[in-house]
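Chain by chain, the residues:
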Amino acid sequence: MTINSPDAPHATLRLAADANASRKAGAILAGGGLVAFPTETVYGLGADATDAKAIARLYATKGRPLFNPLIAHVDTVEKALALGKFSQQARRLAEAFWPGPLTLVVPAAPDCPVCELARAGLPSLAIRVPDHPVARAVLAAAGKPIAAPSANRSGHVSPTNPAHVLADLDGLLDALVEAGPTQIGVESTIVACLDEEVRLLRPGGVPREALARVLGHPLSAPRTDGTKPLAPGRLASHYAPRHPVRLDATAVNPGEACLAFGTPLPPGADPALTLNLSESGSLVEAAANLYRHLRALDALPVTGIAAMGIPDAALGEAIRDRLLRAAAPRETAQENFT
Ligand code: TXA
Ligand code: MG
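Residues numbered from 1 in each chain as written. Chains lettered and ligands numbered in written order. Predicted model: local features only at pLDDT ≥ 70, side-chain atom pairs only at ≥ 80, totals over all residues. Heavy atoms only, no water.

1. Quick look at the overall build of the protein chain
Regarding its fold elements, the protein chain presents nine helices and 14 strands. When the 338 residues of the protein chain are sorted by exposure, 56% land in the buried category. The contacts in the protein chain between residues at least 6 apart in sequence include a share of 69% that link residues at least 24 apart. For the protein chain, the exposed surface amounts to about 13,600 Å²; the carbon and sulfur share of it is 57%. (Helix = DSSP H or I, 4+ residues; strand = E, 2+ residues; numbered from the N terminus. Buried < 20%, exposed > 50% of the residue type's maximum accessible area, 1.4 Å probe, protein only. Contact = heavy atoms within 4.5 Å. Areas by Shrake-Rupley, 256 points an atom, 1.4 Å probe, with all protein chains shown as cover.)

Have a look at this one:
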């Protein structure tokens, strides 16, 4: 199999997920290639985290700033624990939530094989063991930690099905393993365990309440030194649709599309321009539908998207966080990150 060079786009190899596809995808990754594959959260764009050349191509393909580090994915908890230094609390979270939609940021192990570029030069490392049979089969076949940001162009909405991946990256990848829509629909929760505090850096697939239950106490807010957020990719404008997004809308203006949650629809909502995250008001269903509905509404000839309010609990925190970023002003294009 030949590997694409970044400046010579060709048709992406599409593989229907089976044992053979996972082996092939693993071999392409181990050879320095770029492979998109499903996880339980969103589709990831994988590259060998130990290979600086492959990682450089990954950053270039996404259009991602080099100072924004990547998450290293492995298929077993044992391999994950070997990559970093885990405090007692970090170990407790790893045991409770891996495999699953949790990323732990810990000090990198002294012999950590993940290259400097993937870590953006940081002494810490973000690690995740995804809970998806295809992801784990691909990771097992690759036999190395795989850096996998969401498989979208930097600043775009994350992909929750293969068509979203192709819309952003067709021709720029060596292969895409296709396994239908992802189950959770928002990215992993990121938690830093770098000192005695456990800090929530990004709300995601594991609700804050579930983490607190395992720890026996609430999580600390992210640490900031006044200039930098602790997760380098967490600046305001992100997950950016084309149209302006209006949050916590209680009515829809003429010309606006509506991103609904529950029933009844707000006054002014045109059913032809409305998509409902969950008619029954389920936050799990809403998370799974979020990015697909945002993409679909963004493609309509409307003046903006009125997003109804979402409760700020359980998966609602992650949904609200992504909508807030979708609504943030875009005048600083370099702030569109992962
Ligand atoms: O669900 C997910 O986590 C998906 C799937 C594919 O696994 N991946 C994902 O990766 O969302 P990405 O690159 O789109 O987001 C990773 C985030 C970025 O905001 C980055 O700044 C942060 O993780 N991050 C990575 N390494 C870090 C570190 N050492 N310290 C703090 N934040 C880190
Ligand atoms: Mg991303």
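Structure shown, so let's carry the discussion forward.
2. A short note on the packing of aromatic side chains
Aromatic rings considered in pairs are described by the distance between their centres and by the relative angle of their planes. The tally for this structure, following the rule as stated, stands at one aromatic pair. Between Phe-86 and Trp-98, the aromatic rings sit 6.1 Å apart at their centres with planes inclined by 75°, giving edge-to-face as the arrangement. Taken together, the positions of Phe-86 in the loop between helix H3 (77-83) and helix H4 (88-97) and Trp-98 in the loop between H4 and strand S5 (102-107) put the pair twelve residues apart, joining distant regions of the chain. Trp-98 shares its class with Phe-86; the two are buried. (Phe/Tyr/Trp six-rings, centres within 6.5 Å; stacked < 30°, edge-to-face > 60°.)

3. Description of the pairing of strand S6 (residues 124-128)
Judged by how many residues are buried, S6 sits mostly within the fold: five of five residues are covered. Both faces of S6 are covered, namely the face carrying Ser-124, Ala-126 and Arg-128 and the face carrying Leu-125 and Ile-127. By the bridge criterion, three bridges tie strand S4 (residues 71-73) to S6 in an arrangement that is parallel. Bridged to Ala-72 within S6 is Ile-127. Note: S5 against S6, four bridges, orientation antiparallel. Across the sheet, residue Leu-104 finds its bridge partner in S6, namely Ile-127. (Pairing = 2+ DSSP bridges.)

4. What to know about the sheet that holds strand S14 (residues 304-308)
Backbone hydrogen bonds hold the strands of a sheet together, and the pairing may be parallel or antiparallel. Pairing is parallel across the open sheet formed by four strands, whose spatial order is S11-S14-S12-S13. Two strands in the sheet have a free side with no partner beyond their single neighbour: strand S11 (245-249) and strand S13 (274-276). With direction set aside, neighbouring strand axes in the sheet form an average angle of 20°. Here strand S12 (residues 256-260) pairs with S13 via three bridges, running parallel. Following the sheet pairing, Cys-258 is matched in S13 by Thr-274. Across the face of the sheet, helix H8 (residues 283-298) comes into contact with S12, S13 and S14 while running at roughly 170° to S12. (Axes fitted to C-alpha atoms, helices over the stretch in contact; angles between N-to-C directions.)

5. Considerations on the environment of Cys-193
Residue position: Cys-193 is located in the loop between strand S9 (189-192) and strand S10 (199-202). Its relative accessible area of 3% is what places Cys-193 among the buried residues. In the structure, Cys-193 is positioned 107 residues away from Phe-86 in sequence and 7.6 Å away in space, judged by C-alpha atoms. When sequence neighbours within four positions are dropped, the list of residues in contact with Cys-193 reads Ser-87, Ala-90, Leu-93, Leu-104, Val-105, Val-106, Pro-107 and Val-198.

6. Here's the deal with the environment of Ser-87
Within the secondary structure, Ser-87 is located in the loop between H3 and H4. Expressed as a C-alpha distance, the spacing of Ser-87 and Val-198, which sit 111 residues apart in the sequence, is 9.9 Å.

7. Observations regarding the sheet that holds strand S7 (residues 146-147)
On the basis of which strands lie adjacent, the open sheet formed by ten strands has the order S1-S8-S2-S3-S7-S4-S6-S5-S9-S10 and mixed pairing. The sheet terminates laterally at strand S1 (13-16) and S10, the two strands that pair on one side only. Sheet analysis places S5 next to S9, joined by four bridges and oriented parallel. Bridging across to S9, Leu-102 finds its partner in Thr-189. Across the face of the sheet, H4 comes into contact with S5 and S9 while running at roughly 155° to S5.

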